[in-house]
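The lines below spell out each chain.
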Amino acid sequence: MDDQRLTEELYDSLFAVRARVHTELKELAWEAGLTDTQAEALWRLSRGREMTARRLADLLQCDASTATSMIDRLERRGLVRRVPHPVDRRAKVIQLTPEGCALRDRVVQHTTEHSPFAHLGHESKLRLYALLREGSTAPARRTRPPASTAP
């Protein structure tokens, strides 16, 4: 198989994994009364890092106002809270509440049990992780010039 065909096959496989993960997450989100994006937000917040609305928007690939609206809905449900940022007085950190942690744990358990990687052994998962990290952290190559910033 030549390199171009192999790359196409890799993309096909990544799209298939993405579709499977998305379907699983969507089903669980529906059962929990969340949108799939809200469930993904809980997943992202589960890493324990300081997370601002701006950072969450970047991870979810949405604009800040969309993330803020979603955080508002999660806050009304008692799943997250906003607390002062430890360094930046202008910013708030989004934290999971105990109820949010319980639901996040359910999301993590469900996705882990239904993972397309569940059948892989530990060493295979480590190799796949290393390869995916290598691919996801490589600098992007531009295929076209950036949009003009001229008026």
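Anything mentioned here points back to the structure above.
Quick caveat, the model's predicted, so the values are computed rather than measured.

J.: What is the right way to read the packing of aromatic side chains from this model?
T.: Given two aromatic rings, their pairing is described by the distance between the two centres and the angle made by the two planes. Considering all chains together, one arrives at 1 aromatic pair under this definition. Ring geometry for Tyr11 and Phe15: centres 6.1 Å apart, planes at 45°, overall tilted. Taken together, the residues span about one helical turn, with Tyr11 and Phe15 both in helix 1 (residues 3-32) at a distance of 4 residues. Looking at Tyr11, the relative accessible area reads 49%, which means it is partly exposed. Judged by relative accessible area, which is 52%, Phe15 ranks as exposed.

J.: Explanation requested: the layout of surface pockets in the structure shown.
T.: Where empty space is left in the structure can be found by rolling a water-sized probe over the atoms. Empty space within the largest pocket amounts to approximately 2,600 Å³. Lining the largest pocket are 38 residues, and of these Leu14, Val17, Val21, Phe117 and Leu132 lie nearest its centre. Of all the secondary-structure elements, those providing two or more residues to the lining of the largest pocket are helix 1, helix 2 (36-45), helix 3 (53-60), helix 5 (98-113) and helix 6 (122-137). With 12 residues, the top contributor of residues to the lining of the largest pocket is helix 1. Its residues placed into classes, the lining of the largest pocket shows 17 nonpolar, 11 polar and 10 charged.

J.: Please explain the side chain of Thr97 as it appears in this structure.
T.: Examined against the element boundaries, Thr97 turns out to sit in the loop between strand 2 (92-96) and helix 5. Not counting residues within four places of it along the chain, the set of residues in contact with Thr97 comprises Gly78, Leu79, Val80 and Arg81.

J.: How should the nonpolar core be read in this particular structure?
T.: In globular proteins that are soluble, nonpolar side chains generally tend to be buried together. Counting 23 residues, the largest nonpolar core has Leu34, Leu56, Leu74 and Val80 as its most contacted members. Looking at this core, the elements with two or more residues in it are helix 1, helix 2, helix 3, helix 4 (64-76), strand 2 and helix 5. Not counting residues up to four positions away in its chain, the partners in contact with Leu34 are Ala29, Ala39, Leu42, Leu74, Arg77, Leu79 and Leu103.

J.: I keep staring at the pattern of salt bridges and nothing clicks. Help me out?
T.: In a structure, side chains of opposite charge can pair up when their charged atoms sit close to one another. Enumeration according to the criterion identifies 9 salt bridges in this entry. Among the ionic pairs, Arg5 bridges to Glu9, the shortest N-O distance being 2.6 Å. Here Arg5 and its partner Glu9 are both found in helix 1, 4 residues apart, which amounts to about one turn of the helix. Glu40 is the partner of Arg44 in a salt bridge, and the nearest nitrogen-oxygen pair spans 3.3 Å. With Arg44 and Glu40 both in helix 2 and 4 residues apart, the pair spans about one turn of that helix. Looking at Arg44, the relative accessible area reads 27%, which means it is partly exposed. In the salt-bridge network here, residues are joined through shared partners; they are Arg5, Glu8 and Glu9.

Reading the values: rules and limits
Residues numbered from 1 in each chain as written. Predicted model: local features only at pLDDT ≥ 70, side-chain atom pairs only at ≥ 80, totals over all residues. Heavy atoms only, no water. Phe/Tyr/Trp six-rings, centres within 6.5 Å; stacked < 30°, edge-to-face > 60°. Helix = DSSP H or I, 4+ residues; strand = E, 2+ residues; numbered from the N terminus. Buried < 20%, exposed > 50% of the residue type's maximum accessible area, 1.4 Å probe, protein only. 1 Å grid on protein atoms, 1.4 Å probe; cavity = no way out; pocket = protein on both sides within 12 Å on 5 of 7 lines; lining within 4 Å. Points joined across faces, edges and corners; volume = space filled by probe spheres on them. Nonpolar A, V, L, I, M, F, W, Y, C, P; charged D, E, K, R; others polar. Contact = heavy atoms within 4.5 Å. Core = buried A, V, L, I, M, F, W, Y, C linked by side-chain atoms within 4.5 Å. Salt bridge = Lys/Arg side-chain N within 4 Å of Asp/Glu carboxyl O.

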